[in-house]
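So the chains spell out like this:
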Amino acid sequence: MAMPSSLLWAVDIFGRAYTLSTVGQYWELCKDTQLEFKRVSAVRQCCWGIACDHQVYTYVFSGDVPIRYREETYENQRWNPVGGFCEQLLPSDRWQWSDVSGLRHQQLDSFTLPSAHWEWESDWYVDENIGGEPTEKGGWTYAIDFPSTYTKEKRWNSCVRRRRWIRYRRYKSRDVWAKIVSHDDPDQLPDPFNDISIGGWEVTDEPPGRLSVWAVSLQGRVWYRENVCHDNPEGSMWSLITTPGEVVQISCGPYDLLWATLWEGQAIVREGIDRNNPQGVSWSTVESPSSENGIMHVSVGVDVVWCVTKDRKVWFRRGVNSHNPCGTSWIEMVGEMMMVTVGLNNQVWGIGCDDRAIYFRQGVTPSELSGKTWKAIVCGRESDRSQTGSSTSLLSAGCFFTDDIQNQTNTVVHGDADASSDTGLPGAPARLASAAPAGAAASSDRAAEPRADVPAHPLGSDQGEAAVALTNEKADLEMHKTSTNPDPSAELQWTNIDLKEAQKHPVLSVSSFADTSSLCSLGMFSAGAEEQYGADEHPLWAWVSGGGCLVDLHSPLKWFTVPSGLSSSVQSLSLSISPAQTAAWRKQIFQQLSDRTKRELENFRHYEQAIEQSVWVKTGTLQWWRNWKPHKWTDVRVALEQFTGSDGMRDSILFIYYMYHEEKKYIHVFLNEVTIIVEVLSEAKHSFALYTPERTKQRWPIRLAAATEQEMHDWLSLLTMSCCESRRIQGPPSQHAIWSVTCKGDVFVSEPSPELEAETSPLPCDQMFWRQVGGHLRLIECNNRGIVWGIGYDHTAWVYTGGYGGGFIPGLASSADNIYMQSDVKCVYIYENQRWNPVTGYSSRGLPTDRYMWSDASGLQECTKLNTKPPSPQWSWVSDWYIDFNASGGTDREGWQYAADFPASYHGHKTMKDFVRRRRWARKCKIVTNGPWLEVPPVTLRDISVIPSSDAADEAAVALWAISDKGDVLCRLGVTQHSPAGTSWLHVGTDQPFISVSIGAFYQVWAIARDGSAFYRGSVSPKNPAGDCWYHIPSPQKQKLKQVSVGRTSVFVLDKNGNLWFRQGITPSYPQGSTWDHVSNNVRKMSVGPLDQVWVIADKVQGSRSLSCGTVCHRTGVQPMEPKGLSWDYGIGGGWEHITVRGNATEASRVAVHDTAEENPAVPKDLEDEASKERTEHSRTPLMG
């Protein structure tokens, strides 16, 4: 998987700010080169810095979604008998122009831009929408008096009215340093700043993108920047935070961890930080790890704290977590640093004390937070590329004639995982780096000469030279010892974590690594670096910030190989063998192998075929969910017999042997009849289910369970491969494939038959064969040109690469390429329930008939923090339990929701009739798998839609629309069949957040807003991909919509009560349509394809033996004269969450129309009656009576 890019920020000794990408190899200078900075602090979306003029600046990254803020004010009027509604209000009334509460005077001309970094998008206009419904012309809403409940209808007793005026402003200073202008009282302006730190974005997501910005002034006072969030990247004002002493430096983590250092050398820790009080409550003091040397610098992460004392020693704080932010004790680490910084996943960087180089802490994992060793980052600057040509060419030429370059080239090939290949510790590497560059004479005398531009050694120049010589002598000695002594114990010590207590061997000097002395010299300086801090020498760093840098532990970094001279040598050496020579060599080898094979087979041509048919059998012990009551798991023997005929075709039979009343019996399944094999989401068993058409009708699959997850995956893989072989299916899905997702996140695909959408006798959808594709997603959308996008539970966007297999499917059944690592994160929820009693108030002591005090959402299952496990062993926890304040219905400040009784409708405020309450706790878990998916950073998405069909050329752009997780409407540019990921996002302006979008075959774009209202986007075309304006479409009466899907000409919407609606009256001249017509209820999700076919996920479907939730259903009888269809055909289920048929444009051959009941014997009798009833009731058919 291509690792998503994030940035490491650094400032050199000249005040220039640089960034280094996690997928890059060069430091890039920030665009604004006029400013000189002292310190910077970064997160993913922005960076704050203190310039040498002690002013604060912020650098907000550009994105496809603009930063917009909505200003609003209300115009109020009162009715009088003479002139009707007018501007003359009573003395006790609110202002004529006010905020929504009426307490603050807000005239239109009183609104000004907060700073020069903003610009107005448009002029003021009236909002003609209330609660998702359009108002009368003019946008007025009416009420009896101020304040009251407003309605859009004017009644006889409507004495007051108001309307809302809206104006948007846009933040324009992106990708540049923007000065933070203070609007505070001049008498209370903060002092010049000396340090700054940002973080806290994980404390709460309300408002979106909220950040905690902390600063320290030159006088040692701590300041907090108020109201910094996505819509207000500058914040509003500085607030002074009292401290127990004068503060030197401060560090803020992504959660609630905040540490600062005092002049006296102690550290102070902020306690009480939460979503309601991001500034915290009080300070606690932590003593320095050394009584002689106080703390000089501190840096915090998610749950780690690192510090540097005044003697440059590095320390790690043990026992830090959200419940104990102060930790327990200090551990000294090897190395001397000027400062350290902690990244997003607790990765650590530091600046060496002597050489001013940046070091990365290797081996930091969730189980080993302190890491193992320091490794120097040897990346060059982007500006150095054009200035290293001469030395590079000399180095390239020398690589053919000397042995030195050849040895170094071999060393560079080592990956980042090799801890001994290019590893250095601060202090020692500076002296080691003074060795001569490759290409020069590598004599010991030359290597011992110190560079003029290396900082002087603290012990003096003579001692420094002696130290350099001693270091190189030790390096030579260790190299000799390593090459002559094969004792494996000598290698084991390099994997030790370099804690101070663990340093027992004197050979732990960095210069003692074998085969790395010459490489380290190149690692610190580029070739030909003879000038004083010239273009070819490594920069000297003053500050580094990793707060916005996310290092993937499974992806290699390019930071530790020299990008200029040495890499050119490697390229020159590899190019010495031409492609023509390589091709000739391979051709010769293949020819020799082919000739040998022919010779060996020639002597046996006269023999007859020994075996005409082969039989292969796999047996094992599983558990089976038996057919008879009482239903329970019983041990069975399973045998898979696979027959290979003389034609090479394979067929398989699965036998299940069980005991029934002490009598041996068996059932068998022909795998060419199996329609799907799917893993079942179960905490108790590693189980999977086999469906056939008959068992799909019954809603009763064959369920089998294995003892371990690995054994279950082995059987799943084997059975899936056998099913595909029996049906002669192999390779990637076609462009017309139907994609679906289960509630577990598994991805399945089915190849549609042309008869599936036939007007008469359509293929029953319970006969469709589904096979699994690797990956983990929440929803998928596609079109008939092979463009497939998916969205994970963490709202990450993924694009299909064209491969197949992945996941548990092994090598031969999976494509060799286009398979990448994929991760997903989702939340597990449990509920804390309480009941009120007159003595103690709300408590955990409920009535005997009450639900569990810790339960799931239904209250039927007990779920405590201790016994709640991740969904399956594939998932692992990545956070602790926390209160979720985003529960539906709202919460109070502590996260509680109130109701009259269990279960009921919950609300976020307490009333006199509320006797029970609950609050939701959440915990994040993560799964790591692989599949044919690549991440599309950086915008996270909620919904997506691809134009379902297009007859344009392969290189023509494909329309793709999406909704971000914040509710912004986006249009993807540059999407083609050969570049399905596209290039960039185009923001489409809206007045409110949206939740669903769909684009039809003729660029009809419909969308659903968060308040449940529908909108149509006008004038969308290939030349105008974003369209012109939104048209409000009234929703079905008293219904709030949640999903829309547009086909070739049909528009269907789904409301929050599970009702499916069809839009009548749509014509080319009037694409908005006229009215809504009810089609069905009991629908969870739906998809309309390029043939206007309708497929849904039904909420509940009753089979002959069981009830299933989440069933794939197909609307039959859809014709141009009957676009709503006639009846439902039930397919695979339950447990399905999403389906898309927007790629299936395969039309069946036209035949004469006959009676549906006669031609389709697969349709049950009740559906025949239902279909005839539908013809008379305008197709208002429920999916379940």
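Reading the values: the criteria
Residues numbered from 1 in each chain as written. Predicted model: local features only at pLDDT ≥ 70, side-chain atom pairs only at ≥ 80, totals over all residues. Heavy atoms only, no water. Helix = DSSP H or I, 4+ residues; strand = E, 2+ residues; numbered from the N terminus. Buried < 20%, exposed > 50% of the residue type's maximum accessible area, 1.4 Å probe, protein only. Areas by Shrake-Rupley, 256 points an atom, 1.4 Å probe, with all protein chains shown as cover. Salt bridge = Lys/Arg side-chain N within 4 Å of Asp/Glu carboxyl O. pLDDT = per-residue confidence, 0-100. Contact = heavy atoms within 4.5 Å. Pairing = 2+ DSSP bridges. Phe/Tyr/Trp six-rings, centres within 6.5 Å; stacked < 30°, edge-to-face > 60°. Lys NZ or Arg CZ within 6 Å of the ring centre and 35° of its normal. Expected span 1.5 Å × (residues − 1). Axes fitted to C-alpha atoms, helices over the stretch in contact; angles between N-to-C directions. Patch = residues over 30% accessible without salt bridge, like charges linked within 9 Å, V, L, I, M, F, W, Y side chains within 5 Å. Lys, Arg positive; Asp, Glu negative; His and termini not counted. Charge placed at Lys NZ, Arg CZ, Asp CG, Glu CD. Polar contact = N/O pair within 3.5 Å; in protein donor to acceptor, adjacent residues only side chain to side chain. Disulfide = S-S within 2.5 Å.

### Examining the overall build of the protein chain
Right, on to step 1. From N to C terminus, the protein chain includes 13 helices and 71 strands.
Right, on to step 2. Expressed as a percentage of the 1185 residues in the protein chain, the buried residues total 53%.
Right, on to step 3. Of the roughly 54,000 Å² of accessible surface on the protein chain, 52% is carried by carbon and sulfur atoms.

### Points about the pattern of salt bridges
Right, on to step 1. With the rule as written, the count across this model stands at 26 salt bridges.
Right, on to step 2. For Glu72, the salt bridge goes to Arg164, with nearest N and O atoms at 3.1 Å. With Glu72 in strand β7 (residues 68–80) and Arg164 in strand β15 (residues 160–171), this pair connects stretches of sequence that are 92 residues apart.
Right, on to step 3. In this structure Arg164 comes out as buried when scored by relative accessible area, which is 19%.
Right, on to step 4. For Asp1099, the salt bridge goes to Arg1084, with nearest N and O atoms at 2.8 Å. With a gap of 15 residues between them, Asp1099 in strand β68 (residues 1094–1102) and Arg1084 in strand β67 (residues 1083–1088) connect regions that are remote in the sequence.
Right, on to step 5. The exposure class of Asp1099 is partly exposed, given its relative accessible area of 26%.
Right, on to step 6. Salt bridges sharing partners connect three or more residues here, namely Arg70, Glu72, Asp127 and Arg164.

### Overview of the confidence of the model for the protein chain
Right, on to step 1. Summing up the model confidence of the protein chain, the mean pLDDT is 80 and the portion of residues at 70 or higher is 78%.
Right, on to step 2. Within the protein chain, no element has a lower average pLDDT than helix α7 (residues 517–524), which sits at 34, and none a higher one than strand β45 (residues 788–791), at 97.
Right, on to step 3. In the model, residues 388–498 has pLDDT below 50 throughout and makes 173 contacts with residues more than four positions away in sequence or in other chains.
Right, on to step 4. Segment residues 501–536: pLDDT under 50, and 106 contacts once partners within four positions in sequence are set aside and those in other chains are kept.

### What to know about the pairing of strand β40 (residues 702–706)
Right, on to step 1. Of all five residues making up β40, four are buried, and the element is well covered by its neighbours.
Right, on to step 2. Across five bridges, the pairing between strand β39 (residues 686–691) and β40 is antiparallel. For His686, the partnering residue across the bridge sits in β40 and is Ala706.

### Examining the packing of aromatic side chains
Any aromatic ring pair is given by two values, namely how distant the centres are and how the planes are angled relative to each other.
Right, on to step 1. In the structure shown here, the tally under the stated rule is 47 aromatic pairs.
Right, on to step 2. Centroid distance Trp214 to Tyr224: 5.0 Å. Interplanar angle 65°. Geometry classified as edge-to-face. Residue Trp214 is found in strand β18 (residues 211–217), and its partner Tyr224 is found in strand β19 (residues 222–228); the two are separated by ten residues along the sequence. For the pair formed by Trp214 and Tyr224, the shared burial category is buried.
Right, on to step 3. Feature note: the residues Trp9, Phe37, Tyr57, Tyr59, Phe61 and Trp177 constitute an aromatic cluster, connected by ring pairs.
Right, on to step 4. When the ring centre of Trp921 is taken as origin, the NZ or CZ atom of Lys865, which lies over that ring, is 3.5 Å away.

### Description of helix α11 (residues 709–726)
Residue pairs three or four apart in sequence face the same way in an α-helix, which turns once every 3.6 residues.
Right, on to step 1. The first and last C-alpha atoms of α11 sit 26 Å apart over 18 residues, in line with the 26 Å expected at 1.5 Å per residue.
Right, on to step 2. In terms of residue burial, α11 counts as a mostly covered element, since 13 of its 18 residues are buried.
Right, on to step 3. A positive backbone phi angle near 60° is found at Arg728, which sits one or two residues after α11.

### A look at the environment of Leu344
Right, on to step 1. You can see Leu344 is positioned in the loop between β28 (329–342) and β29 (348–352).
Right, on to step 2. Assessed through its relative accessible area of 15%, Leu344 is described here as buried.
Right, on to step 3. When residues no more than four places from it in sequence are discounted, the contact partners of Leu344 are Arg44, Trp201, Val302, Gly546, Gly547, Gly548, Cys549 and Leu550.

### Looking at the sheet that holds strand β66 (residues 1075–1080)
Sheets are built from strands that pair by backbone hydrogen bonding, the pairs being arranged parallel or antiparallel.
Right, on to step 1. Ordered by their spatial adjacency, four strands build an open sheet running β63-β64-β65-β66, and the pairing between neighbours is antiparallel. The strands lining the two open edges of the sheet, one partner per strand, are β63 (1041–1046) and β66. Strand-to-strand twist across the sheet, computed as the mean angle between neighbouring axes with direction ignored, equals 30°.
Right, on to step 2. Across five bridges, the pairing between strand β65 (residues 1060–1064) and β66 is antiparallel. Within β66, the residue paired with Phe1062 across the bridge is Asp1077.

### Regarding a nonpolar patch on the surface
Right, on to step 1. Taken together, Ile589, Phe590 and Leu593 make up a surface patch of nonpolar side chains, about 290 Å² in accessible area.
Right, on to step 2. On the basis of relative accessible area, Phe590 is assigned to the exposed category, the value being 58%.

### Re a positive patch on the surface
Right, on to step 1. A contiguous patch of positive charge on the surface is contributed by Arg942, Arg1010, Lys1040 and Lys1056.
Right, on to step 2. Mapped onto the elements of the fold, Arg1010 is located in the loop between β60 (1005–1009) and β61 (1014–1017).
Right, on to step 3. The class of Arg1010 is partly exposed, set by a relative accessible area of 44%.

### Quick look at the sheet that holds strand β27 (residues 313–318)
Right, on to step 1. Ordered in space as β25-β26-β27-β28-β29-β30-β31, the seven strands form an open sheet in which the pairing is antiparallel. Each edge of the open sheet carries a strand with a single partner, namely β25 (295–300) and β31 (373–376). Strand-to-strand twist in this sheet, taken as the mean axis angle between neighbours without regard to direction, amounts to 40°.
Right, on to step 2. The pairing of β25 with strand β26 (residues 305–309) spans five bridges and is antiparallel. Along β26, the bridge assignment pairs Ile295 with Thr309.

### Digging into the pairing of β25
Right, on to step 1. Most of β25 is tucked away: five of the six residues are buried.
Right, on to step 2. In this antiparallel pair of consecutive strands, β25 and β26, the connection spans four residues.

### Here's the deal with the environment of Tyr18
Right, on to step 1. Structurally, Tyr18 can be placed in strand β2 (residues 17–21).
Right, on to step 2. On a C-alpha basis, the gap between Tyr18 and Arg381 in space is 8.7 Å, while along the polypeptide they are 363 residues apart.
Right, on to step 3. If sequence neighbours within four positions are ignored, Tyr18 has contacts with Leu8, Trp9, Ala10, Asp12, Trp27, Glu28, Leu29, Arg381 and Trp541.

### Some details on unusual backbone geometry
Right, on to step 1. In this chain, Lys629 is followed by Pro630 through a cis amide linkage whose omega measures -5°.
Right, on to step 2. Mapped onto the elements of the fold, Pro630 is located in the loop between β34 (614–625) and β35 (633–644).
Right, on to step 3. In this model, Phe902 is joined to Pro903 through a cis peptide bond whose omega is -25°.
Right, on to step 4. Mapped onto the elements of the fold, Pro903 is located in the loop between β52 (896–899) and β53 (916–931).
Right, on to step 5. Positive phi is not limited to glycine here, since Arg312 has a value of about 70°.
Right, on to step 6. Turning to its location among the elements, Arg312 is positioned in the loop between β26 and β27.
Right, on to step 7. Using a relative accessible area of 22% as the deciding quantity, one classes Arg312 as partly exposed.

### Some remarks on the side chain of Ser996
Right, on to step 1. By the element assignment, Ser996 lies in strand β59 (residues 994–999).
Right, on to step 2. Within the local environment of Ser996, its side chain forms a polar contact with the backbone nitrogen of Val1044, the two atoms lying 3.3 Å apart.

### Regarding the state of the cysteines
Right, on to step 1. Applying the stated criterion across every chain yields a total of zero disulfides.
Right, on to step 2. The cysteine Cys46 is free of any disulfide, with Cys47 supplying the nearest cysteine sulfur at 7.4 Å.
Right, on to step 3. Taking the relative accessible area as the measure of exposure, Cys46 reaches 5% and is therefore buried.

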